[in-house]
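The lines below spell out each chain.
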Amino acid sequence: MSNETATAQAAQAPEAPPESEPIPHGLGASLPASDARAKTEGTFPYAADLWAEGLLWGAVLRSPHARARIVSIDTTHAREMPGVRAVVTHEDVPGAPLYGRGKADRPVFASEVVRHHGEPIAAVAADHPDTARMAAAAVTVEYELLDPVTDPEQAFEAEPLHPDGNLIRHIPLRHGDPEAAGDVVVEGLYRIGRQDPAPIGAEAGLAVPRPDGGVELYLASTDPHTDRDTAAAAFALEPERVKVVVTGVPGATSDREDQGFQLALGLLALKTGCPVKLAATREESFLGHIHRHPTLLRYRHHADAQGKLVKVEAQILLDAGAYADTSSDALAAAVAFACGPYVVPNAFIEGWAVRTNNPPSGHVRGEGAMQVCAAYEAQMDKLAKKLGVDPAELRLRNVMATGDVLPTGQTVTCPAPVAELLQAVRDEPLPPLPKDDAEDEWLLPGGPEGAGDPGAVRRGVGYGLGMVHMLGAEGADEVSTATVKVQDGVATVLCSAVETGQGFSTLARQIVQETLGIDEVHVAPVDTDQPPAGAGCRGRHTWVSGGAVERAAKMVRTQLLQPLAHKFGMSTELLQITDGKITSYDGVLSTTVTEAMDGKELWATAQCRPHPTEPLDDSGQGDAFVGMSFCAIRAVVDVDVEIGSVRVVELAVAQDVGRVLNPAQLTARIEGGVTQGVGIALTENLRTPRGLVRHPDLTGYALPTALDAPDIRIVKLVEERDVVAPFGAKAVSAVPVVTSPAAIASAVRAATGRPVNRLPIRPQAAVVTGQ
């Protein structure tokens, strides 16, 4: 098969065949995803399925140690193995030796030291995957072992683990009167574990050399232009000589690809002059990509006798692992939202992100906000208990609303219907208790094979209120570009916003259908020949890329309607397009879009750039965020207080969504986020004793399954449009992830009376003695 054929296979994802029943269209309809059938039938071309003529296979040698000095690297045995075509180390990197999404501080290949378990040291290309792996294992590395620094608190006093030092960022937030004090004070110490994004498919890709000395990378990238620029710098090539083609993204809840993986792949292709494919094992994927920041949080809440918050004091310590990545952004979110969606007149927060010899941390859905949500909601439960007030009522006395001020000094100008959300879940009827018979044994914690006594089961009800920011923050230039073309009754959208499962491709089709009245809309494959659209995270593409598509479609609409308006002596505002027909307000004009096109091709390109933000200053103050979204969740759990097993019975969700653009898609995103939160609350914890990843596979890392998924009831969606957002819509995926772990922990506290100050919740934390 030729490389051109591989390109075509990589770029094209089959669309769903036409259905016999009419397919809904336009904004507000549950338009099905074009690739849904291909994915469910197993015909969707993922990155691991790619092939090219003359293909070689790549493999990477990774450090077995968390911290060591490299004495020597000997590649002789690997190079002499039959079938081996190339071996590359740090000496073979022609350009920038360091890379990183937030900060370039991470080596392409380790040279003098290794700073975390799994750090890449060398890569091999061979004519068979087994040969490549054996050759990588044959690279001899002599190490001088060093004591790893794995406790982030020790990082402040430890010797520098990196030339840039151990402290990545410190944010001291000062808001209000430091002498303020409340009648009631509660304190707490909380720990959040390390979660892996656990993508459906492990990293894979194909690199194809170009005749001009460049390279094409076929990857499941979520940010292709950043990946291209990073690769070009490492390869010492101009950006236009490196092309990233996005192919087969199987879903993403964080930065989808380990950039170091991509760089090794491209270097092997350039070194050999042949296409090279690299498919990471699940173990390599766990070792290579980023994880959620483990976090240590200390809190002190002050309130008056009626439960109104007076002051919040907190210390937040993020474990960034060996390299900075996006830890600065995560810390900003954690510090800014450390008090939650509550009115707090006085707040004093200290936040740090530090390097350790643990695996690198970075952007994972709800980063920063999830960790602090678990802590401040635990504090609200403690405060309610000390005051003798219902936990939901205490929250209602303090919730934020539009016009209130964050501890950063920024006024909340977007809709913030927090009280309405909380009231909706509080007032929802509770689920019934399970019947006490054999048929319902599976409803008990631990299931029918559990060792617990049904008489030891206690039910608990808890609440969580969460908030996240949308788009980038602290001065990030959020911009996206889109082109809409129309010819022969078919519209095509060109935008490099990657479809990661968040539904952008479906939304783009709906926007064009709504604006131009054209049913057949195609979204072109994504590559870096198109203008950049930015990363697929924080609801960016719904807002920024969707806004660009809307503007381009409206420009095409104007081109289409202007000749008709001129002919009939009226403005384009007096014409409307509905179901493929153009009509005037008075009924004089009635024609179809196809007739009005008259064989012409119309097209327009537009950008969307939200209003600018600013970095937090030395006191943690500043208008750092564009918009925010909020969620309330009531959790109902059953806990076997003898053995500590927990079953989440139901999660009732109320969320402000701005505007529902695709009901089915929105429901699926909320349910997926809530279920991800169940794993964070109960099972997911990547253990790293002395910096070494234990059980880096999906057997040792306990993801929730269908049997763990609770009933999820979306009891209310508040559609109060955000006037500065295109369509008025808000991102919906991250805030349920942020909120549901806190709600589940709150429910376990209610069932057991135990403090529950760690996520995931360990069985011993849910055991009640003296039963």
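Our subject is the structure listed above.
Now for a look at the structure at hand. (Residues numbered from 1 in each chain as written. Predicted model: local features only at pLDDT ≥ 70, side-chain atom pairs only at ≥ 80, totals over all residues. Heavy atoms only, no water.)

**Considering the overall build of the protein chain**
Thought 1: Looking only at helices and strands, the protein chain has 16 helices and 29 strands in total.
Thought 2: A compact globule built from 771 residues should have a C-alpha radius of gyration of about 28 Å, and the protein chain, at 27 Å, falls within 12% of that.
Thought 3: Projected onto its principal axes, the C-alpha positions of the protein chain cover 80 × 75 × 60 Å.
Thought 4: Looking at the protein chain alone, contacts between residues at least 24 apart form 80% of all its contacts between residues at least 6 apart.
Thought 5: Carbon and sulfur atoms make up 50% of the accessible area of the protein chain, which totals about 29300 Å². (Helix = DSSP H or I, 4+ residues; strand = E, 2+ residues; numbered from the N terminus. Rg over C-alpha atoms; globule rule 2.2 N^0.38 Å. Contact = heavy atoms within 4.5 Å. Areas by Shrake-Rupley, 256 points an atom, 1.4 Å probe, with all protein chains shown as cover.)

**Thoughts on the packing of aromatic side chains**
Thought 1: As enumerated under the stated definition, the model contains six aromatic pairs in all.
Thought 2: Ring geometry for Trp51 versus Trp57: centroids 6.0 Å apart, planes at 65 degrees, classification edge-to-face.
Thought 3: With 5.6 Å between their ring centres and 65 degrees between their planes, Phe286 and Tyr701 make a pair best called edge-to-face. Note that Phe286 is positioned in helix α7 (residues 282–288) and Tyr701 in the loop between α15 (663–682) and β28 (711–718), a separation of 415 residues in sequence. (Phe/Tyr/Trp six-rings, centres within 6.5 Å; stacked < 30°, edge-to-face > 60°.)

**Notes on the pairing of strand β3 (residues 84–88)**
Thought 1: Across the five residues of β3, four count as buried, placing the element largely inside the fold.
Thought 2: Note that β3 and strand β7 (residues 120–126) share four bridges and pair antiparallel. Within β7, the position partnered with Ala86 by the bridge is Ala125. (Buried < 20%, exposed > 50% of the residue type's maximum accessible area, 1.4 Å probe, protein only. Pairing = 2+ DSSP bridges.)

**So, the sheet that holds strand β26 (residues 625–640)**
Thought 1: Strand order in the open sheet formed by four strands is β18-β26-β27-β28, with mixed pairing between adjacent strands. At either end of the open sheet lies a strand with only one pairing partner, and these are β18 (457–473) and β28. If you compare each strand with its neighbour and ignore which way they point, the axes differ by 20 degrees on average.
Thought 2: When β26 meets strand β27 (residues 646–656), the two strands line up antiparallel, connected through nine bridges. Counterpart to Val637 in the pairing with β27 is Val648. (Axes fitted to C-alpha atoms, helices over the stretch in contact; angles between N-to-C directions.)

**Here's the deal with a negative patch on the surface**
Thought 1: A surface patch of negative charge is lined by Glu614, Asp617, Asp618 and Asp623.
Thought 2: Looking at the secondary structure, you find Asp623 in the loop between β25 (602–608) and β26. (Patch = residues over 30% accessible without salt bridge, like charges linked within 9 Å, V, L, I, M, F, W, Y side chains within 5 Å. Salt bridge = Lys/Arg side-chain N within 4 Å of Asp/Glu carboxyl O. Lys, Arg positive; Asp, Glu negative; His and termini not counted. Charge placed at Lys NZ, Arg CZ, Asp CG, Glu CD.)

**Section: the sheet that holds strand β9 (residues 167–175)**
Thought 1: The sheet built from six strands is open, its strands ordered β9-β17-β16-β15-β10-β29 with mixed pairing. Each of the sheet's edge strands pairs with one partner strand only, and the pair in question is β9 and β29 (758–759).
Thought 2: Judged from the nine bridges that link them, strand β10 (residues 184–192) and strand β15 (residues 295–303) form a sheet pairing that is antiparallel. Bridge pairing links Gly188 to Tyr299 in β15.
Thought 3: Packed onto the sheet, helix α9 (residues 369–387) meets β10, β15, β16 (309–321) and β29 and runs at close to 145 degrees relative to β10.

**Considerations on unusual backbone geometry**
Note: most peptide bonds trans; most residues except glycine with negative phi.
Thought 1: Between Leu759 and Pro760 the backbone carries a cis peptide bond, its omega angle lying at 0 degrees.
Thought 2: Looking at the secondary structure, you find Pro760 in the segment after β29.
Thought 3: Positioned with a positive phi, Asp488 is a non-glycine residue whose angle comes to about 55 degrees.

**Quick notes on the environment of Pro615**
Thought 1: When you line up the elements, Pro615 lands in the loop between β25 and β26.
Thought 2: Considering only alpha carbons, one finds Pro615 and Gly118, 497 residues apart in sequence, at a separation of 34 Å.
Thought 3: Filtering out sequence-adjacent residues up to four positions away, Pro615 remains in contact with Glu474, Gly475, Gln621 and Gly622.

**Side note on the packing of helix α12 (residues 504–516) against helix α13 (residues 540–568)**
Thought 1: In the contact formed by α12 and α13, the axes pass within 9 Å of each other and the chain directions differ by 30 degrees. Taken together, the axes of α12 and α13 lie roughly parallel to each other. The two elements α12 and α13 meet at a crossing, and its hand is right-handed. Of the residues in α13, those touching α12 at Phe504, Leu507, Ala508, Ile511, Val512, Thr515 and Leu516 are His541, Thr542, Ser545, Gly546, Val549, Glu550, Ala553, Lys554, Val556 and Arg557.
Thought 2: Considering only residue class, the contact of α12 with α13 consists of nine nonpolar, five polar and three charged. (Parallel < 35°, antiparallel > 145°, perpendicular 65-115°, else oblique. Left-handed = near helix turned anticlockwise from the far one by under 90°. Nonpolar A, V, L, I, M, F, W, Y, C, P; charged D, E, K, R; others polar.)

**Considering the side chain of Glu216**
Thought 1: Residue placement: Glu216 occurs in strand β12 (residues 215–219).
Thought 2: Polar contacts involving the side chain of Glu216 include one to the side chain of Tyr218, which spans 2.6 Å. (Polar contact = N/O pair within 3.5 Å; in protein donor to acceptor, adjacent residues only side chain to side chain.)

**Things to note about the pattern of salt bridges**
Thought 1: Tallied over the entire structure, the rule returns 35 salt bridges.
Thought 2: Here Arg355 ties to Asp164 by a salt bridge, and the two come within 4.0 Å at their closest N and O atoms. Here Asp164 lies in the loop between β8 (140–145) and β9 and Arg355 lies in strand β17 (residues 346–355), a separation of 191 residues in the sequence.
Thought 3: Here Arg634 and Glu650 are joined by a salt bridge, their closest N and O atoms 3.1 Å apart. One end of the pair, Arg634, is in strand β26; the other, Glu650, is in strand β27, with 16 residues separating them in the sequence.
Thought 4: Among the charged side chains, a network of salt bridges with common partners joins Lys103, Asp105, Asp164 and Arg355.

**Here we look at α13**
Thought 1: With 29 residues, α13 extends 41 Å from end C-alpha to end C-alpha; this agrees with the ideal 42 Å at 1.5 Å per step.
Thought 2: At Leu561, α13 shows its strongest bend, of approximately 35 degrees, with the proline Pro563 following within four residues. (Expected span 1.5 Å × (residues − 1). Bend = angle between axes of the 7 residues up to and from the residue.)

**So, the nonpolar core**
Thought 1: Counting 107 residues, the largest nonpolar core has Tyr299, Ile316, Phe337, Ile349, Phe630 and Ile744 as its most contacted members.
Thought 2: Excluding its chain neighbours within four sequence positions, the residues that come into contact with Ile744 are Ala635, Val637, Val648, Leu651, Gly677, Val678, Ala681, Leu682 and Ile761. (Core = buried A, V, L, I, M, F, W, Y, C linked by side-chain atoms within 4.5 Å.)

**Remarks on the environment of Ala384**
Thought 1: Mapped onto the elements, Ala384 comes out in helix α9.
Thought 2: A relative accessible area of 1% means that Ala384 is categorised as buried.
Thought 3: Measuring from C-alpha to C-alpha, the distance between Ala384 and Tyr299 comes to 15 Å, with 85 residues separating the pair along the chain.
Thought 4: Not counting the four nearest positions on each side in its chain, Ala384 is found in contact with Val389, Asp390, Pro391 and Leu394.

**Quick look at the pairing of strand β19 (residues 480–487)**
Thought 1: Within β19, six of the eight residues are buried, which leaves it mostly tucked inside the rest of the structure.
Thought 2: One ladder, built from seven bridges, connects β19 with β25; its direction is antiparallel. In the sheet register, Lys485 faces β25, and the bridge partner there is Trp603.
Thought 3: Inspection of the sheet shows β19 paired to strand β20 (residues 490–495) by six bridges, in the antiparallel sense. When the sheet's bridge partners are listed, Thr483 is paired in β20 with Leu494.

**Section: the packing of α9 against helix α16 (residues 734–752)**
Thought 1: Two numbers describe how α9 lies on α16: the axes approach to 8 Å, and their chain directions differ by 30 degrees. Considering the angle they form, α9 stands roughly parallel to α16. Both α9 and α16 take part in a crossing whose hand is right-handed. For the pair α9 and α16, contact is made by Ala369, Met370, Cys373, Ala374, Glu377, Ala378 and Asp381 and by Val737, Val738, Thr739, Pro741, Ala742, Ser746 and Arg749, respectively.
Thought 2: A per-class count over the contact of α9 with α16 returns nine nonpolar, two polar and three charged.

Any link to function would need more than the numbers given here.
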